Amino acid sequence: MADAEDNVSIPEFSNLLQMDPYLKPYEKDFQRRLGLFQRQLQLLEEAEGGFDQFTRGYSSFGVQRQPDNSLIFKEWAPAAEALFLTGDFNGWDKFSHPYSKQDFGKWKLHLPPKEDNSPAVAHGSKLKVVVHTKAGERLYRISPWAKYVTRPEKAVIYDWVHWDPPQPYRHKHPRPKKPRSLRIYESHVGIASPEGKIASYSNFTANVLPRIKDLGYNCIQLMAIMEHAYYASFGYQVTSFFAASSRFGTPEELKELIDVAHSLGITVLLDVVHSHASKNSEDGLNLFDGSDSCYFHGGERGENKLWDSRLFNYSSWEVLRFLLSNLRWWMDEYRFDGFRFDGVTSMLYHHHGIGVGFSGDYSEYFGLQVDEDSLVYLMLSNHMLHSLYEHCITIGEDVSGMPALCRPVSEGGCGFDYRLAMAIPDKWIQILKEYKDEDWDVGNIVFTLTNRRYGEKCIAYSESHDQALVGDKSLAFWLMDKEMYTNMSALIPMTAVIDRGIQLHKMIRLITHGLGGEGYLNFMGNEFGHPEWLDFPRQGNNESYHYARRQFNLVDTDHLRYFQLYAFDRDMNHTEDKYGWLAAPPAFVSEKHEGDKVIVFERSNVVFVFNFHPTTSFQDYRVGVEMPGKYCIKLDSDMVQYGGHGRLDHSTEFFTEPLPHNGRPHSMRVYIPCRTAIVLANDEIDYLY
């Protein structure tokens, strides 16, 4: 079969080579990948009537109520000897309701309605699948397709709860169109409150969505929605893939959250974890049918040693059905608008990125180290999602830099819309930890912010949830540390530490926003310099919620400088919304002056000027521009309401001269105070994009 795949013609491979001719020696690898993908599609067509039908597994597996109120239960458990259903409905009788064995390891049970024509299993009642193994064991399991699971207080194991409400939530608002400029607010529902407790979906809808709208973000990336038994895993050790986490509320409340977000014009992405699964067996997928190779690879290949978790067998027909149907479930049932795929690097390579440093040499991305089963699964996922949902957005979390990850499948690519620019936050942390301000290498900063594959869109961010976790520090904490506890009052003069921290916090975020990618991401609370770190309740902190919260109350306290950082972040997003630099081609960098610590670039006919020098301001600094005309200040980090010093006169008009400068045909003179960033736009240009 491999030979046939190697000779597949890639319809638009020339597009890929035009952008990157160095991929030509690996054409056969791309051909083989596309051939495997096309072969899988063909098999789906022949056996299942196409991927549309195949990816609706949630409408046949698990529990299905029929028009006559009878219930059909269906599972895939190829290694099981027998299956029974038990629960509240039969007094927890372990043998009264056996499943019948079907072909290909499937099991089925039909429950007729009760005499009053109501379903035999009532909404909200508890269930278990009883699995009898060939070794004679009796196992109690939750259906992999369970739509709702709960854990009673002080219990360890989750319960499968039948979810079939008499009045399910009906979405009222259409999905927004895919934003051209993607501004993402990365969010965790449980910590979205100043209170030391697990916050709810309803709290997020009422109190956080209005803030996100006000801040100018047009997309929310929701973490930790797929049910996870261990809260401190941040949602990355999933136990029930089709269940929205019950610790935050009900499925209907999550649907309302998404619907209200849509009414505000906000797109909602799910942080989906298909790279691995929790090792839990009693309330997870692991050992579901008694074998270690039901949903996962058996033996060592089925384990991620670093994460202590199980790895899916993407070559398995039923695993493909399960995972692809899972994506459609979240799109169709909850009306998510797309996904951020977690752990893509682990999926792409047999080594899972463990102990491997990626140098960028192309040989690292091809050959036997690539897990082509996983790669084909990602191609299938993106093909399915973009075929069925016009405005779907997919983002891949890949640290390796795999070429063509964000190019269409028709070019031999993986089909993602965006990848995360994961080197950027690492660079900012390195700079703040290791260098004095006067030693910052502005050329290296520009290189890191612009070092991305041409034609593959990136989501830039200066920090995400990773940097906020215990053991690391947020940018604000690196910059201001303990003084955030005592010196953030706007009623007292700024100390040198607070002054430096506030100015650099704004500049770092703006230059990342303007130069770093085709989308921008912020983790909730970091926009206003949230103090402290993030730490979930666990034995090591006496199960405390003190650090598992976001102190939005700090922004609402007018005399604290957190509001100044919030205001700058808000106006930065609204300025982008007007001029659309994220949707524009990459920037032209005309200045990166090491001595002056000045960076100047143009993007979308908007001029960005950064003076990172800690003490020196520059009068009449010559700035090159492409378009002639009159320029005015549209965003100024030094404004007093942003915690700045108010040194710029916003009534000033900057007129260009026909004097070439730094590769630009025109130039103008600009005053740039120290530790200040300004955005200038040409008042003679129509910026509608």
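Model, not experiment: these values are computed from the prediction.

1. Quick notes on unusual backbone geometry
Right, on to step 1. Of note, K154 is a non-glycine position whose phi angle comes to about 70°, a positive value.
Right, on to step 2. Here K154 is to be found in the loop between β8 (149-150) and β9 (159-161).
Right, on to step 3. When its relative accessible area of 81% is taken as the criterion, K154 is described as exposed.
Right, on to step 4. With a phi close to 70°, A404 is a non-glycine residue in the positive phi region.
Right, on to step 5. If you trace the backbone, A404 turns up in the loop between β18 (393-396) and β19 (418-420).

2. Looking at the packing of aromatic side chains
Right, on to step 1. Tallying each qualifying case throughout the model produces 50 aromatic pairs.
Right, on to step 2. Between W329 and Y334 the ring centres are 6.2 Å apart and the planes differ by 80°, which places this aromatic pair in the edge-to-face class.
Right, on to step 3. According to the relative accessible area criterion, W329 is buried, its value standing at 5%.
Right, on to step 4. The side chain of R664 reaches across the aromatic face of F588, ending 3.6 Å from its centre.

3. Description of the sheet that holds strand β11 (residues 219-223)
Right, on to step 1. Ordered in space as β10-β11-β14-β17-β18-β19-β20-β21, the eight strands form a closed barrel in which the pairing is parallel. Averaged over all neighbouring strand pairs, the angle between strand axes comes to 30°, with direction disregarded.
Right, on to step 2. Taken together, the two bridges between strand β20 (residues 458-460) and strand β21 (residues 519-523) define a ladder with parallel strand orientation. Residue I459 lies in a different strand from β21, and its bridge partner there is G519.
Right, on to step 3. Set on the sheet, helix α15 (residues 496-515) makes contact with β10 (182-188), β20 and β21; between it and β21 the angle comes to about 150°.

4. Some thoughts on the pairing of strand β29 (residues 676-682)
Right, on to step 1. Burial within β29 is extensive, with seven of its seven residues counted as buried.
Right, on to step 2. Going residue by residue along β29, you find T676, I678, L680 and N682 tucked away on one face and A677, V679 and A681 tucked away on the opposite face as well.
Right, on to step 3. In this structure, strand β26 (residues 630-636) lies alongside β29, joined through five bridges in antiparallel fashion. In the strand pairing of β29, I633 is matched with L680.

5. Some details on helix α6 (residues 251-263)
Because an α-helix packs 3.6 residues into every turn, residues spaced three or four apart end up facing the same way.
Right, on to step 1. If you check α6, its first and last C-alpha atoms are 19 Å apart, about what 13 residues at 1.5 Å a residue would give, namely 18 Å.
Right, on to step 2. Within the span of α6, buried status applies to P251, E252, L254, K255, L257, I258, D259, A261 and H262.
Right, on to step 3. Buried residues along α6 sit against α5 (201-215), β11, β13 (240-244), β14 (267-272) and α7 (317-332).
Right, on to step 4. In the segment just after α6, G265 is the residue with positive phi, at about 80°.

6. Considerations on helix α11 (residues 442-450)
Right, on to step 1. Within α11 the residues assigned to the buried category are V442, G443, I445, V446, T448 and L449.
Right, on to step 2. N-cap assignment for α11: the residue whose side-chain oxygen lies 3.1 Å from the backbone N of G443 is D441.

7. Some words on empty space enclosed by the protein
Right, on to step 1. Taken as a whole and assessed by the stated rule, the structure comprises six cavities of 30 Å³ or more.
Right, on to step 2. Lining the largest cavity are S275, H297, R301, L311, F312, Y314, S346, M347, H352, D371 and S374.
Right, on to step 3. Of the residues that constitute the lining of the largest cavity, the class distribution is four nonpolar, five polar and two charged.
Right, on to step 4. Counted as a void, the second largest cavity has a volume near 60 Å³.
Right, on to step 5. E186, Q221, R340, E397, L420, M422, Y461, S464, H465, D466 and L521 together form the lining of the second largest cavity.

8. Details of the packing of α5 against helix α17 (residues 562-579)
For any two helices packed against each other, one specifies the inter-axial angle together with the distance between the axes.
Right, on to step 1. Packing of α5 against α17 leaves a shortest axis separation of 8 Å and a crossing angle of 60°. The pairing of α5 with α17 is recorded here as oblique in orientation. Of α17, the residues touching α5 (which contributes R211, K213, D214 and L215) are Y566, D569, R570, N573 and H574.
Right, on to step 2. Partitioning the contact of α5 with α17 into residue classes produces two nonpolar, two polar and five charged.

9. Topic: the packing of α11 against α15
Right, on to step 1. Direction vectors running N to C along α11 and α15 enclose 45°, while the axes themselves pass 9 Å from each other. By the angle between their directions, the pair α11 and α15 is classed as oblique. In the packing of α11 onto α15, the handedness of the crossing is right-handed. Together, V446, L449 and T450 of α11 and I511, T512 and L515 of α15 make up the contact between the two elements.
Right, on to step 2. Here the residues of the contact of α11 with α15 sort into four nonpolar, two polar and no charged.

Cut-off values and rules
- Residues numbered from 1 in each chain as written.
- Predicted model: local features only at pLDDT ≥ 70, side-chain atom pairs only at ≥ 80, totals over all residues.
- Heavy atoms only, no water.
- Helix = DSSP H or I, 4+ residues; strand = E, 2+ residues; numbered from the N terminus.
- Buried < 20%, exposed > 50% of the residue type's maximum accessible area, 1.4 Å probe, protein only.
- Phe/Tyr/Trp six-rings, centres within 6.5 Å; stacked < 30°, edge-to-face > 60°.
- Lys NZ or Arg CZ within 6 Å of the ring centre and 35° of its normal.
- Pairing = 2+ DSSP bridges.
- Axes fitted to C-alpha atoms, helices over the stretch in contact; angles between N-to-C directions.
- Contact = heavy atoms within 4.5 Å.
- Expected span 1.5 Å × (residues − 1).
- Polar contact = N/O pair within 3.5 Å; in protein donor to acceptor, adjacent residues only side chain to side chain.
- 1 Å grid on protein atoms, 1.4 Å probe; cavity = no way out; pocket = protein on both sides within 12 Å on 5 of 7 lines; lining within 4 Å.
- Points joined across faces, edges and corners; volume = space filled by probe spheres on them.
- Nonpolar A, V, L, I, M, F, W, Y, C, P; charged D, E, K, R; others polar.
- Parallel < 35°, antiparallel > 145°, perpendicular 65-115°, else oblique.
- Left-handed = near helix turned anticlockwise from the far one by under 90°.

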